[in-house]
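# A look at the structure
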Amino acid sequence: MFDYELFQNQLKTNFIGQNIKYFESTDSTNKQAWNLINLKIDNGTVIIASEQTEGRGRRGNKWFSLNNKSLTFSIALLKNTQIKRSVLALMTGLAVIKGIKKMIDIPCYLKWPNDIILNSKKLGGVLIETKGHNVVIGVGINVNEDYNDFNPEIKNQSISLKMNEKKSTEIELLLAHILNQFELLYKKNNDKIIKEWLEYCFHINKEIQFHNHGKITKAIFKSINNDGCGIVNIDNKEILISSGVIEL
Ligand code: BTN
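The paragraphs below set out a description of the structure included in this document. Keep in mind it's a predicted model, so treat the numbers as computed, not measured. (Residues numbered from 1 in each chain as written. Predicted model: local features only at pLDDT ≥ 70, side-chain atom pairs only at ≥ 80, totals over all residues. Heavy atoms only, no water.)

The environment of the ligand is formed by 20 residues, the closest being Ser28, Gln52, Arg56, Arg58 and Lys122. In the environment of the ligand, a nitrogen atom lies 2.9 Å from a nitrogen or oxygen atom belonging to the side chain of Gln52. Note that an oxygen atom of the ligand is positioned 2.7 Å from one of the backbone N or O atoms of Arg56. Considered on its own, the ligand offers 410 Å² of accessible surface; in the complex 97% of this is hidden by protein. For the ligand, the cavity whose grid points lie within 2 Å of the majority of its atoms is the largest pocket. Breaking the shell around the ligand down by element, the ones donating at least two residues are α2 (29-38), β3 (70-77), β6 (121-131) and β7 (134-142). The element that contributes the greatest number of residues to the shell around the ligand is β6, accounting for four residues. Here the residues of the shell around the ligand sort into five nonpolar, eleven polar and four charged. (Near = heavy atom within 4 Å. Polar contact = N/O pair within 3.5 Å; in protein donor to acceptor, adjacent residues only side chain to side chain. Areas by Shrake-Rupley, 256 points an atom, 1.4 Å probe, with all protein chains shown as cover. 1 Å grid on protein atoms, 1.4 Å probe; cavity = no way out; pocket = protein on both sides within 12 Å on 5 of 7 lines; lining within 4 Å. Sits in = over half its atoms within 2 Å of the grid points. Helix = DSSP H or I, 4+ residues; strand = E, 2+ residues; numbered from the N terminus. Nonpolar A, V, L, I, M, F, W, Y, C, P; charged D, E, K, R; others polar.)

A few words now on the sheet that holds strand β11 (residues 237-241). Ordered by their spatial adjacency, five strands build an open sheet running β11-β10-β9-β8-β12, and the pairing between neighbours is antiparallel. Looking at which strands have only one partner, the edges of the open sheet turn out to be β11 and β12 (246-247). (Pairing = 2+ DSSP bridges.)

Each regular strand shows side chains that alternate between the opposite faces of the sheet. Relative to strand β2 (residues 46-52), strand β1 (residues 20-26) runs parallel, the two being bridged by six bridges. By the bridge assignment, Ile20 is partnered in β2 with Val46. For the handedness criterion, the β-α-β arrangement of β1, α2 and β2 is classed as right-handed. (Right-handed = clockwise from strand over helix to strand, strands pointing away.)

Tallying each qualifying case throughout the model produces nine salt bridges. Asp27 serves as the salt-bridge partner of Lys31, at 3.1 Å between the closest nitrogen and oxygen. A residue is classified by how much of its surface remains accessible, and Lys31, at 34% relative accessible area, is partly exposed. The class for Asp27 is buried, based on a relative accessible area of 17%. Measuring nitrogen to oxygen at the nearest pair gives 2.3 Å for the salt bridge that ties Asp227 to Lys84. Taken together, the positions of Asp227 in the loop between β9 (215-224) and β10 (230-234) and Lys84 in the loop between β3 and α3 (85-103) put the pair 143 residues apart, joining distant regions of the chain. When salt bridges with common partners are traced through the structure, they connect Lys98, Lys188 and Glu196 into a single cluster. (Salt bridge = Lys/Arg side-chain N within 4 Å of Asp/Glu carboxyl O. Buried < 20%, exposed > 50% of the residue type's maximum accessible area, 1.4 Å probe, protein only.)

Written as structure tokens, this is what we have:
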């Protein structure tokens with residue numbers, strides 16, 4: 001069930017989420033977004049599902065989510081020439097943090113490039129897919145799960161808002177707050193987005209590990225550049241990392 005009235009009362013956008021397509025159950029909201037783009041939909045349409053049976057994660061991973069407990073949605077951006085894909089990814093993570101903070105005062109952070117972190121565990125993630133200038137931005141957030149709801153594979157690295165707050169959060173309100181923040185950020189320039197992203201980064205000046213030409217390399221994470229690449233320091237030399245996963 002999706003309470004449209006609750007959602008619409010909180011939504012303050014001009015185009016993001018003004019059209020919403022809700023699925024009780026679907027394979028993947030990203031996949032549905034692409035189907036709908038082919039059938040012609042409005043820019044900023046949001047696709048949300050109570051249940052995803054084949055949720056997609058980054059780097060070919062599966063995204064596990066729980067019926068009615070997770071917030072899983074996708075935003076269809078048509079003919080986006082405004083913001084680069086890499087910066088859109090950062091921007092979406094930032095919109096999620098800012099949206100959550102509008103509702104709950106919790107210390108959540110960003111892990112490069114776009115993981116949402118709470119108590120050093122993963123609260124959510126973002127998957128960006130592009131075809132030409134069309135973009136589908138998928139977001140998955142653990143909202144009302146209990147510890148035992150998580151799949152054993154991800155149980156110890158995952159957290160939900162409920163596990164932290166000891167109470168449930170209304171999915172519709174959280175979605176509206178995130179979309180409000182997304183549209184506000186979408187109007188800003190790269191510099192401002194990057195500056196704000198850095199304020200919420202969990203690991204500035206901390207040691208991280210990443211895969212570098214097939215081996216695991218240790219480095220100090222310093223910052224990100226205007227293209228959203230990570231700037232890391234190895235033996236006092238700065239290098240750029242442009243994609244992948246870092247470990248803390
Ligand atoms: C990650 O691997 O961290 C990104 C996960 C993104 C999952 C979301 S859930 C809604 C949307 N639909 C999908 O199939 N995937 C994204």
